[in-house]
Structures are given as C-alpha cells and as structure tokens.
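Spelled out from the first residue to the last, the chains are:
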Amino acid sequence: MKKIIALLLAAVMVMCLFAGCASSGGSKVIKIGVFEPQSGDNGAGGKQEVLGIQYANSVKPTVTIGGEEYKIELDIQDNQSSTDKAVSAAQQLVADKVSVVLGSYGSGVSIAASDTFKNAGVPAIGITCTNPAVTAGNTHYFRACFIDSFQGPVLANYAYDNLKVKKAYCLSKLGDDYSGGLVSYFTKQFEKKGGQVVKAEFPEGNSDFTSYIANAKKEGCGVFYAPISIEAAQLVINQAASQNLGMPILAGDTWDSNVILEAAKGTDVKIDVTTFYADGTNKEFEKGIKEWINADSTNLKNNGGNDTLSAVSVMGYDAYMLALEGLKAAGSTDPADVMKALPSVSYDGITGTITFDETGDAKVKTAYVKSVDNETGTWVGGGSVTMDE
C-alpha cells in the first residue's frame, strides 16, 4: 500500500512539473539587467526610472529571438547611488548572466561600472546618464537620451536670452560627474554669450546651503544654477524660500520629479528645468502608465506617492523597448551578439525615434524646458528647444 501511495505521489509531482511548464507557455527565460539606484542620493529618481522599465515589461513581457519566444526577467540591482557600490552591483548582473543592461540614473555610477561591463562583454544602455564620458572611447555603452554638452548650453541660452540674465551662480557637488559636467558646459556657453559666472562646490553630506544662497545674492546673480541630486535639491529649495533667494533656480533633468514639485509648492521659488519629455505629448501612454502606477501601492510609493509622470520613467520605458529591438536584431541572447546589433537599431519611442551615432549616443537634438507652478505644485510649459550642431 505504501508503495502504491509513493508511486501515486511521484506521478502527481511529474504532472505538476509538466503543468508548470505549460502554464508559462513553454517559454525560455532571458534576463535584462537593471542597474539603478534604489537608495542613496539618487534613489528617488532611480525608482522612477525603474518604474518605466517595469511598466514596459508589463506591456511586453516576452520577446521572440531567432524564432523562439523568451519570457523576460528583470534583474534589478541597487547601485546605491555610490561609485563605490556600483562595481559590485554590476558584477552581480554579470554573474547572473544578463544579456543586456539598462541604466543608470546617475552618470557617476555608470562611469564607475563601465569597465565591469566592458570586461565581461555585456552591452549597457544608459537611460538618463547624460555625462558624455559614459559612452566616450568605448563600444559597449550606449545611451538613449541627450547629453550634457547639449543640455548645459540649452539652459545657458535660456538664462541669457529668455531670462535676460547676465550673471549666473553655478552650484555643483564636489567630485560629482553629473553636476560638475553640467556646470562646465553651462559656463562655457554662458560666458561665450557674454555672461559672467560665479562657481561653488559643496562637499558630500552637506545639508546647509544658506551660505551658497547668501553668496549668490551678494554677488548680484540673476539665476541660481544647481543641477544637483533630488535629495540636495529639496534642501536648496526649502532654504532658498526661507532666505528669499529672489532669483530663478535652473536645473537639469534630475529635477524633473514630483519630489521637486512638492518642495516648491506654496513657496515663491521659481524653478525651470530641462527634461526629456513634455507632459501631454502622448496621452494614451500617459493614461496607461498612470493607471498601472495607481493600481499598485508599491509602484505609487516608488513614484513619490502620486501619479505625476516623470520624464525618466518615460525614458525607462523607451530604453526597455530599445533593448528588445537589439535582442531581436541580434537573433541571439548572447551579449556579444546583442552588442554587435545595437549600433544599427532604430526604435520609434514615446520620446521620439532613437538611433545611435558613432559614439553610441542617441541622435537627440531637442530638449524641453518647463517650470513649476508654485500654487498648484504642477509643471507648466514644456516648450521644445533645439540646438544646431
């Protein structure tokens, strides 16, 4: 009797095993690495970028490669917004045998992990890491967004031509590739147009920005350019409001976040930012992703507690779809094949058509400048700005 029961149990286990395969459609699995900050200074922005990737995965959970269907598994590793932690996060993705990597929000961590991906022969697609050094001099890192050598001059022109400012205060974080790079490009263009620049850097862990605000006022500057992390940005906004800064704050794509909107709401601090996507451009997409965010409490929390759409989420969506095009073009899950296929890939995304130049950068020549409505805590404007070569 015991033998019969054992045989029956074994038969049931075999049936369950086959049933499990059938329920997944018999699909093979392919891993896409997600190299993003989920904590640290850039954790808030990183979570919003990942939301775009996760939404795209919910829309397209499978991909057909070489005539076979693969279920896509997202392998999310937290680089903790730290160049020190970035390498170990990248090493884990390599060990997990991902076919392609997406990320990161934050140029510094992308640069820090670059050699890890290069040595392993794994291609990476930067989503919103805008520092030119991410892709310069290599063939494994690609990029889906515009770069700082474009974004910085856009805001310099905006300050000088639109705001009629002749003197700008530029604040960056000491040792930070992103903010330091943007200040450099802004300064070069602003001085080229005839403006003056006052520069300052703050150290890691700084939370008191009152001296920088006071100095900007003392120097008679017309704008306060601070392309810094969201965490530091909130402090700057709060202290600018309490000290009556009296001049617009300009920032790059990092500040395109509902965290910034909440910090500025009810204050008299004027904020203008450059970004990758203008609200209202694709209403069908916006409706879909907002419904998806609202349907899950974790998604809502990771988006800052409401469904305000950040451009980095839109970019995350496009980068995921771009990676799928690379996989299909490769006809293989081998990272080496994907790397060879990516340069010739073209994808018509939510943010526009994405193709790569010889450096691996997206051929993007348009940014959007939008402003905070301090009364409602929403973005207004969003006009496009195009710069010629």
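Residues numbered from 1 in each chain as written. Predicted model: local features only at pLDDT ≥ 70, side-chain atom pairs only at ≥ 80, totals over all residues. Heavy atoms only, no water.

(A) Just the packing of aromatic side chains, in detail. Across all of its chains, the model carries 15 aromatic pairs by this definition. With 4.9 Å between their ring centres and 80° between their planes, Phe202 and Phe209 make a pair best called edge-to-face. You can call Phe209 buried: its relative accessible area is 0%. Aromatic ring contacts, followed pair by pair, group Tyr55, Phe285, Trp292 and Tyr317 into a single cluster. The side chain of Lys166 reaches across the aromatic face of Tyr160, ending 4.5 Å from its centre. (Phe/Tyr/Trp six-rings, centres within 6.5 Å; stacked < 30°, edge-to-face > 60°. Buried < 20%, exposed > 50% of the residue type's maximum accessible area, 1.4 Å probe, protein only. Lys NZ or Arg CZ within 6 Å of the ring centre and 35° of its normal.)

(B) Highlighting the confidence of the model for the protein. Per-residue confidence for the protein gives a mean pLDDT of 92, with 93% of residues at or over 70. A low-confidence stretch, residues 1–24 (pLDDT under 50), is modelled with 1 contact involving residues beyond four sequence positions or located in other chains. (pLDDT = per-residue confidence, 0-100. Contact = heavy atoms within 4.5 Å.)

(C) Representation of the state of the cysteines. On inspection of all chains with the given rule, the structure shows 0 disulfides. Here Cys129 stays unpaired: no disulfide links it, and the sulfur of Cys145, its closest cysteine neighbor, is 6.0 Å away. Note on Cys129: relative accessible area 0%, which makes it buried. With relative accessibility at 1%, the residue Cys145 sits in the buried group. (Disulfide = S-S within 2.5 Å.)

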